[in-house]
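A look at the structure
These are the residues of each chain, in order.
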Amino acid sequence: MALALQTFPTVKDANAALKAAGTRYLGGGTLVVRAANEGDVSVSGLVRSTEPVLSAIAVSGGMARIGASVTMAAIARHPELGALAKAVRAVGGPAIRNMATIGGNLFAPAPYGDFAVALLALDATVSTDNGELPIETFLAGRNDSRAIVTSVSFTLPKAGTFRFLKVSRVKPKGVSVLSIAAVLEQAADGTISSARIALGCMADRPMRARAAEKALLGKTLDRDGIAPALAAATEGTAPITDPIASAWYRAEVLPVHLGRLLLT
Ligand SMILES: Cc1cc2nc3c(=O)[nH]c(=O)nc-3n(C[C@H](O)[C@H](O)[C@H](O)COP(=O)(O)OP(=O)(O)OC[C@H]3O[C@@H](n4cnc5c(N)ncnc54)[C@H](O)[C@@H]3O)c2cc1C
């Protein structure tokens, strides 16, 4: 079946066109076009917008705002977004990163969505024509969302506070067994004063490791200090099972990899 593609100069017009049954927004197309090619008959038309705000990256005053159509490759190249380079380079290989957008990554079901895991740890705000939402709220309601995401904004992490790890079986571009992102701040005595940890593949979408975050507060980043956090790491998780790994395996190895992330 032929797919109709409609391009609009404004997000508002594209949003209106998305009200038609069977239409989907087109980011880089790495998932939605693949689905259509594989016979997903629920997609009969694609809608995109060329409004410049969607492709803009603005970094100022310690804040970053990234348009939803910005690709992983563009983020990796940006001189002021170096802290995120490891997370964007975790998304597929070079060809995928040249097409994959930040907007599409927010909707990518596990085992995908590695960059959304980083954005969750960064406590990003997701903007649509209808307003702004904390990323956690956005992710919880994304299945019912029909609004076009226009941008994502977040406070740039202080030097050395952002950590990211992706575990895959095929290096360097395999799909995730799991991914972990963390923003950890330390007090002058070295103890953890603030912790935000996000997990990928430990549910159908990125989730917070709240029990581990809580267990880290006031602790030092050494084997004894992190032990309670590792013991609590799987609390509230519901890992996916796919051809890469079973839910059981993911739950078994999460504390091991969280430990590595915290100790490096
Ligand atoms: C071979 C291969 C390897 C991959 N490896 C990885 C990987 O390692 N890690 C990873 O995270 N992902 C991976 N992916 C998945 C995918 O490429 C990325 O998640 C990518 O960021 C999706 O973005 P996209 O722009 O291509 O999304 P699209 O395919 O364009 O869209 C995906 C979904 O999001 C919706 N959407 C897109 N943009 C918006 C918007 N602005 N507003 C509202 N809805 C929107 C679409 O309607 C669609 O439902 C891989 C995919 C392939 C094919």
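Computed from a prediction, not measured in an experiment: that's the story for all the values here.

**Focus on the overall build of the protein chain**
From N to C terminus, the protein chain includes eleven helices and twelve strands. Radius of gyration (C-alpha) of the protein chain: 19 Å, near the 18 Å computed for a compact globule of 264 residues. Judged by the C-alpha coordinates and their principal axes, the protein chain covers about 60 × 45 × 30 Å. When each of the 264 residues of the protein chain is scored for burial, the buried share is 50%. Taking contacts inside the protein chain between residues at least 6 apart in sequence as the whole, the part at least 24 apart equals 60%. Per element, the accessible surface of the protein chain, about 12,300 Å² overall, is 56% carbon and sulfur. Considering the protein chain, the positive charge centre built from 27 side chains and the negative charge centre built from 20 side chains are found 5 Å apart.

**Thoughts on the pairing of strand β11 (residues 192-200)**
Strand residues, when the strand is regular, have side chains that alternate between the two faces of the sheet. With seven of nine residues buried, β11 lies mostly within the body of the structure. As paired strands, strand β10 (residues 176-186) and β11 are joined by eight bridges and run antiparallel to one another. For Ser-179, the partnering residue across the bridge sits in β11 and is Gly-200. Turn length for the β10-β11 hairpin, with the two strands adjacent in sequence and antiparallel, is five residues, and the turn residue Gly-190 shows positive phi of about 90°. In this structure, β11 lies alongside strand β12 (residues 207-208), joined through two bridges in antiparallel fashion. Among the inter-strand pairings, Ala-198 is bridged to a residue of β12, identified as Arg-208. Taking the residues between adjacent antiparallel strands as the criterion, β11 and β12 are bridged by six residues, where Cys-201 takes a positive phi near 75°.

**Some details on the sheet that holds strand β4 (residues 57-60)**
Taken together, five strands build an open sheet; the order of strands is β4-β5-β8-β6-β7 and the sheet is antiparallel. Bordering the open sheet on either side are β4 and β7 (131-134), each of which pairs with just one other strand. Across this sheet, the average inter-strand angle for adjacent strands is 20°, counted without regard to direction. Bridge analysis of strand β6 (residues 125-128) against β7 gives four bridges, and the strand direction is antiparallel.

**Notes on helix α7 (residues 114-121)**
Extensive coverage of α7 is indicated by the burial of eight of its eight residues. Inspection of α7 places Asp-114, Phe-115, Ala-116, Val-117, Ala-118, Leu-119, Leu-120 and Ala-121 among the buried residues, and these make up the whole buried set. Two residues or fewer past α7, Asp-123 is found with a positive phi of approximately 60°.

**Regarding the pattern of salt bridges**
Using the criterion set out here, one finds ten salt bridges in the structure. In this structure, the salt-bridge partner of Arg-196 is Asp-123, at a minimum N-O distance of 3.3 Å. With Arg-196 in strand β11 and Asp-123 in the loop between α7 and β6, this residue pair connects regions lying 73 residues apart in the sequence. Residue classification places Arg-196 among the buried residues on the basis of a relative accessible area of 14%. The partner of Asp-204 in a salt bridge is Arg-205, and the shortest N-O contact between them spans 3.0 Å. Each of Asp-123, Glu-136, Arg-196, Arg-208, Arg-210 and Glu-213 takes part in a single network of salt bridges with overlapping partners.

**What to know about the nonpolar core**
Of all hydrophobic cores here, the largest spans 46 residues; its most connected members are Leu-106, Phe-115, Leu-119 and Phe-154. Among the elements that make up this core, the one with the highest residue count is α7 (seven residues). Once residues lying within four places of it in the same chain are set aside, the contact partners of Leu-119 are Ile-102, Leu-106, Ala-124, Ile-135, Val-152 and Phe-154. Within the second largest apolar cluster, 30 residues are counted, among which are Ala-182, Ala-229, Ala-245 and Leu-258.

The rules behind the values
- Residues numbered from 1 in each chain as written.
- Predicted model: local features only at pLDDT ≥ 70, side-chain atom pairs only at ≥ 80, totals over all residues.
- Heavy atoms only, no water.
- Helix = DSSP H or I, 4+ residues; strand = E, 2+ residues; numbered from the N terminus.
- Rg over C-alpha atoms; globule rule 2.2 N^0.38 Å.
- Buried < 20%, exposed > 50% of the residue type's maximum accessible area, 1.4 Å probe, protein only.
- Contact = heavy atoms within 4.5 Å.
- Areas by Shrake-Rupley, 256 points an atom, 1.4 Å probe, with all protein chains shown as cover.
- Lys, Arg positive; Asp, Glu negative; His and termini not counted.
- Charge placed at Lys NZ, Arg CZ, Asp CG, Glu CD.
- Pairing = 2+ DSSP bridges.
- Axes fitted to C-alpha atoms, helices over the stretch in contact; angles between N-to-C directions.
- Salt bridge = Lys/Arg side-chain N within 4 Å of Asp/Glu carboxyl O.
- Core = buried A, V, L, I, M, F, W, Y, C linked by side-chain atoms within 4.5 Å.

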